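Take a look at the letters that make up each chain.
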Amino acid sequence: VISRLRRLEGHTTKAGLGLEYSYLDIRDQFSDDIVSRLSIWTLNNDRTSLQYTLSDKHLSYSDKGWNSMVLLVVDYSRPWSLLERLEHWVAVLDKHIESLKIEPSERRDVCGKLAKSLQEYCLPGTESNKDVLLPLTEGVLDQNLGIPIAVVCTKVDSMTTLEKDLDYTDSYFDLIQWHLRKFSLKYGAGLFYLNGKESPNTDVLYKYIVHKMYALPFEVSPSVIDKDCMMIPAGWDTVQKISILNDTLRSFNLEDDLNTVLPKPLNRRTDTAREIKAEDDQAFLTRMQSLLQNQRPAGPRPTKPL
């Protein structure tokens, strides 16, 4: 994901191990001059780096609030594990925030700012009345960590492979979307689908990050029609909008985990590796001599004429 964002600026990124550092040049939208540099710390599944990555230096809080946002990046080619991975990382994030020992009054302040940012959201071309903010609807920001979050699903073009190899249908993809949107709604997160190739949502994600980090306008409309190009900014979605999917999900129990509902590849059993012992050299030579003797023709050996 970060490599794609940097390619938008003409940079390349080499893959690292465990903890990776990179940055984005933030440019003025009119002059194209670099006005800021946004540091990015990336952690893969190497859990030994968690403590270092989530130190005060990289994900910190000050009297002005958070100076960070969090991208939760998951692999869509393994949809049965999406929610499990998201719940794991958000639990890690919550544990870190609790360890910072933020004063209760300050914690309420940053949580209030996050809630207000969702209340102030409006579609491009419209304006919200910031003097009169409506309360958040049911299910929105039920778990308020006080920090902006975006859920990014990569390899969404694997839908074709899932359809071909595991007989996934549109109802399965709607079920995945339903769970991802409910999770994002719960934590006040944006939701982005990126495919394995050049995705138009890469540029949109870049604009969204700049919007959240620098309070610049985000003038991109939500997209929920194309199943492989989903883009939902925080503040737009509601339980009512998600319930539109319910008509195609009547055969599912929505309380069940994706891990128990979605088809997965069969676990093929592999034969246990057998130990092969080398034959003793003398025994091998004796056996070969016996075979050669048995292959000799019977009778006296003919002599060649002089």
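Use the structure listed above.
Described below are features of the structure shown in this document. All residue numbers refer to positions counted from 1 along the written sequence of the respective chain. It should be noted that, the model being predicted, local features are given only for residues of pLDDT at least 70 and side-chain atom pairs only at 80 or more, the latter also being counted only at that level, while totals for whole chains, interfaces and linings use all residues. Water and hydrogen atoms were dropped before computing side-chain values, which therefore reflect all heavy atoms in the structure.

Re the overall build of the chain
Filter applied, for reference: Strands are runs of DSSP state E lasting at least 2 residues, helices are runs of H or I lasting at least 4, and numbering of each runs from the N terminus. Each residue's exposure class comes from its accessible area (1.4 Å probe, protein chains only) as a fraction of the maximum for that residue type: buried when under 20%, exposed when over 50%, partly exposed otherwise. Residue contacts are defined here by distance: any two heavy atoms, one from each residue, within 4.5 Å place the two residues in contact. Computed with the Shrake-Rupley method and a 1.4 Å probe, the accessible areas treat only the protein chains shown as cover for residues.
Summing up its helical and strand segments, the chain has ten helices and eight strands in all. Across the 306 residues of the chain, 38% fall into the buried class. Sequence separation of at least 24 residues holds for 70% of the intrachain contacts in the chain that already meet a minimum separation of 6. Here the chain displays about 19900 Å² of accessible surface, and carbon together with sulfur accounts for 50% of that area.

Some points on unusual backbone geometry
The backbone of Lys155 shows a phi angle near 60 degrees, a positive value even though the residue is not glycine. Looking at the element boundaries, Lys155 is found in the loop between strand 6 (149–154) and helix 5 (159–166). Owing to a relative accessible area of 42%, Lys155 belongs among the partly exposed residues under this scheme. A positive phi is found at Ala215, a non-glycine position, where the angle reads about 55 degrees. Secondary-structure assignment places Ala215 in the loop between helix 7 (200–214) and strand 8 (231–232). Assessed through its relative accessible area of 68%, Ala215 is described here as exposed.

A closer look at the side chain of Asp25
For clarity, the threshold we go by: We define a polar contact as two N or O atoms separated by no more than 3.5 Å, with the added condition that, inside protein, one atom must be a possible hydrogen donor and the other a possible acceptor, whereas residues neighbouring each other in sequence contribute only through side-chain atom pairs.
You can see Asp25 is positioned in strand 1 (residues 19–27). Given a relative accessible area of 3%, Asp25 falls into the buried group. At 3.1 Å, the side chain of Asp25 forms a polar contact with the side chain of Arg37.

So, the packing of aromatic side chains
Two aromatic rings are characterised by how far apart their centres lie and by the angle between their planes. Using the following cut-off: Ring pairs shown here join Phe, Tyr and Trp side chains whose ring centres sit within 6.5 Å, with only the six-membered ring taken for Trp; geometry is labelled stacked below 30 degrees between planes, edge-to-face above 60, and tilted in between. By definition here, charges over rings are those cases where NZ of Lys or CZ of Arg is within 6 Å of the ring centre and within 35 degrees of the ring normal.
One pass over the structure, following the stated rule, counts eight aromatic pairs. Ring centres of Phe183 and Tyr187 lie 4.9 Å apart, and the angle between their planes is 45 degrees; on these two criteria the pair is classed as tilted. Of this pair, Phe183 and Tyr187 are both found in helix 6 (residues 170–187), four residues apart, which corresponds to roughly one turn of the helix. Judged on exposure class, the residue Phe183 and its partner Tyr187 are both buried. An aromatic cluster is present here, built from Tyr168, Tyr172, Phe173 and Phe252 joined pairwise through their rings. Taking NZ or CZ as reference, Arg37 lies 3.9 Å from the ring centre of Tyr23, over its face.

Concerning the pairing of strand 5 (residues 70–75)
Selection criterion: DSSP calls a pair of strands paired once it identifies at least 2 bridges connecting them.
Of the two faces of strand 5, the one holding Val70, Leu72 and Val74 is buried and the one holding Leu71, Val73 and Asp75 is not buried anywhere. Summarising the sheet, strand 5 and strand 6 pair through six bridges and their orientation is parallel. Across the sheet, Leu72 pairs through a bridge with Val151, a residue of strand 6.

What about the nonpolar core?
Put simply, the rule reads: Joining through side-chain atoms within 4.5 Å is the link that ties buried Ala, Val, Leu, Ile, Met, Phe, Trp, Tyr and Cys residues into a set, and such a set is a nonpolar core.
Tyr76, Ile149, Cys153, Tyr168, Leu180 and Tyr193 are the most contacted members of the largest nonpolar core, which has 72 residues in total. Sorting elements by how many residues they give to this core places helix 6 first, with nine residues.

A look at the packing of helix 3 (residues 82–99) against helix 6
How we decide: Here an angle of 0 to 180 degrees is reported between the N-to-C directions of two axes, which are lines fitted to C-alpha atoms, with helices fitted over the stretch in contact. Throughout this description, any angle smaller than 35 degrees is read as roughly parallel, any larger than 145 degrees as roughly antiparallel, any in the 65 to 115 degree range as roughly perpendicular, and the remainder as oblique. A clockwise turn of the near helix away from the far one marks a right-handed crossing, whereas an anticlockwise turn of less than a right angle marks a left-handed crossing. Each residue gets one of three labels, nonpolar for Ala, Val, Leu, Ile, Met, Phe, Trp, Tyr, Cys and Pro, charged for Asp, Glu, Lys and Arg, and polar for the others, Gly among them.
Relative to each other, helix 3 and helix 6 sit at 15 degrees, their axes nearing to 10 Å. Relative to helix 6, the element helix 3 is oriented roughly parallel. In this structure, the crossing between helix 3 and helix 6 has a hand that is right-handed. Residues Leu82, Leu83, Leu86, Glu87 and Val90 of helix 3 form the contact with helix 6, whose own contacting residues are Ile176, His179, Leu180, Phe183 and Tyr187. The class makeup of the residues in the contact of helix 3 with helix 6 is eight nonpolar, one polar and one charged.

Description of the sheet that holds strand 5
Ordered by their spatial adjacency, four strands build an open sheet running 5-6-7-8, and the pairing between neighbours is mixed. Each having just a single partner strand, strand 5 and strand 8 make up the two edges of the open sheet. Pairing between strand 7 (residues 190–193) and strand 8: two bridges, direction antiparallel. For Phe192, the partnering residue across the bridge sits in strand 8 and is Met231. Running over the sheet, helix 3 touches strand 5 and strand 6 and is turned about 155 degrees from strand 5.

As for the environment of Tyr76
Mapped onto the elements of the fold, Tyr76 is located in the loop between strand 5 and helix 3. Beyond its immediate sequence surroundings of up to four residues, Tyr76 is in contact with Leu82, Cys153, Thr154, Lys155, Val156, Ser158, Met159, Leu162, Phe173, Ile176, Leu180 and Tyr193.

What about helix 5?
Test applied: To obtain the arc, one takes the directions from the helix axis to the C-beta atoms.
Within helix 5, burial applies to Met159, Leu162 and Leu166. Buried residues of helix 5, viewed axially, fall in a sector of 70 degrees; they line one side. Structural note: helix 5 exposes Thr160, Lys164 and Asp165 on the side pointing more than 90 degrees away from its buried face. The elements touched by buried residues of helix 5 are helix 6 and strand 7. Where helix 5 ends, the next residue or the one after it, Asp167, has phi of about 60 degrees, a positive value.

Any link to function would need more than the numbers given here.
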